Amino acid sequence: MKIINPSTQQTIKEVNEDSPQSVKGKLQAARIAQVSWNKKSLEERNSILRKFHDLLDTHKDQLARDLTSEVGKPLQESLNEINGARTRIRFFLENAVKWLTTQEQFNDGNTTDILSFEPLGVVCNISAWNYPFLVGVNVFVPALLGGNSVLYKPSEFATLTGLNIEKLLREAGVPEGVFSAVIGGRDAGEALLDLPCDGYFFTGSYKTGKYIAEKVAPKLVPVGLELGGKDPLYVTDEIADLSKVAGAVAEGCFYNNGQSCCAVERVYVHEAVYDDFMEKFISEAKKLPVGAITRNAHLGFLDGQVE
């Protein structure tokens, strides 16, 4: 499978795509590895994932370069995404003990009710291309902390990032088989849906999410879907600084080229401020140098990207 730079249309790298047979083999390895991973204490798993968090910072420059080269976002936005992912990981690390520790719910001297938590087993995480670090860690970090193993399918448009995630998790101490990247497009995804995973978590379009939910429904396993929305924004007639709001609305619409689950897709403007707002909004939009060469263009892989 060829990894294409969307800006230059040049092949960055060629990688081997998983077949149904290799995906099945990764599931078998994940199921075996999950047993010993779950036997580790929560503190041990937490420590390993903290090393992964630190490695993301150590290697963030190269990780951002790879991300930008394959998905086309500006380099600064790639760095922002990695920093945001690290913030999210810290949240999970700081709260894992509180959420996953066995809790006594009731004790009247005769009867004791205990709430304990067990892993699902093998979690399938089919991730998105627009924020592969950020939407990825939302699933696989809590899954790993909870004692699950993970089959992580990055979008075919963010394959290098998926492989980088696998590499750094292994370097952090996640054993082989506990986290495996499944490489490929639709066929690789279909292979995962056909297998008996213990939970499916997807980030992406409504159409694909609906298909996944219907396909795995007979398995009666947990399914989590984060799908695209139609997010509205309302500009009222009570705003003190309309220029500031116009800039914020432009960012909400155009950040990451608007390719975000929570991007602003509809703007309702009160008629009393409509003309003034539109003038300021258009002015903000014109400041965006679409197609301009970035300050990092000398690195070679950013030609034609927007700063």
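Residues numbered from 1 in each chain as written. Predicted model: local features only at pLDDT ≥ 70, side-chain atom pairs only at ≥ 80, totals over all residues. Heavy atoms only, no water.

## A word on the overall build of the chain
Formally: Helix and strand assignments come from DSSP, with helices taken as H or I runs of at least 4 residues and strands as E runs of at least 2, each series counted from the N terminus. Residue exposure (1.4 Å probe, protein chains only): buried if accessible area is under 20% of the type maximum, exposed if over 50%, otherwise partly exposed. Any two residues whose heavy atoms approach within 4.5 Å at even a single point are treated as in contact.
Within the chain, the regular secondary structure consists of 10 helices and 11 strands. In terms of principal-axis extent, the alpha carbons of the chain reach across some 70 × 55 × 40 Å. Counting over 307 residues, the chain shows a buried share of 43%. Counting contacts in the chain only where the partners sit at least 6 residues apart, residues at least 24 apart contribute 69% of the total.

## Considerations on the confidence of the model for the chain
Caution applies to low-pLDDT parts of the model: their predicted coordinates are not meant to be read in detail. Applied cut-off: Per-residue confidence from the prediction method is given by pLDDT, with values spanning 0 to 100.
Mean pLDDT over the chain works out to 90, with 94% of the residues at or above the 70 mark. Note that residues 292-307 has pLDDT below 50 and, in this model, 38 contacts with residues that lie over four places away or in other chains.

## Focus: the packing of helix α2 (residues 42-58) against helix α6 (residues 159-172)
Packed helices, taken two at a time, are described by their axes: the angle between them and the distance between them. Heads up, the rule is: Angles shown run from 0 to 180 degrees and are taken between the N-to-C directions of axes, each axis being a line fitted to C-alpha atoms and, for helices, limited to the stretch in contact. Orientation is classified from the angle alone, with under 35 degrees giving roughly parallel, over 145 giving roughly antiparallel, 65 to 115 giving roughly perpendicular, and any other angle giving oblique. Each crossing gets its handedness from the near helix: less than a right angle anticlockwise from the far helix is left-handed, clockwise is right-handed.
As a packed pair, α2 and α6 sit with axes 8 Å apart at the nearest point and diverge in direction by 130°. For the element pair α2 / α6, the angle class is oblique. In the crossing of α2 with α6, the sense of the turn from one axis to the other is right-handed. On α6, the residues touching Ile-48, Leu-49, Lys-51, Phe-52, Leu-55 and Leu-56 of α2 are Ile-165, Leu-168, Leu-169, Glu-171 and Ala-172.

## Observations concerning the packing of helix α7 (residues 186-194) against helix α8 (residues 206-216)
Inclusion rule: Polar here means any residue outside two lists: the nonpolar Ala, Val, Leu, Ile, Met, Phe, Trp, Tyr, Cys and Pro, and the charged Asp, Glu, Lys and Arg; Gly therefore counts as polar.
In the contact formed by α7 and α8, the axes pass within 10 Å of each other and the chain directions differ by 30°. Taken together, the axes of α7 and α8 lie roughly parallel to each other. The handedness of the crossing between α7 and α8 comes out as right-handed. Across the interface between the two elements, Arg-186, Glu-190, Leu-193 and Asp-194 of α7 pack against Tyr-211, Ile-212, Lys-215 and Val-216 of α8. Here the contact of α7 with α8 is composed, by residue class, of 4 nonpolar, no polar and 4 charged.

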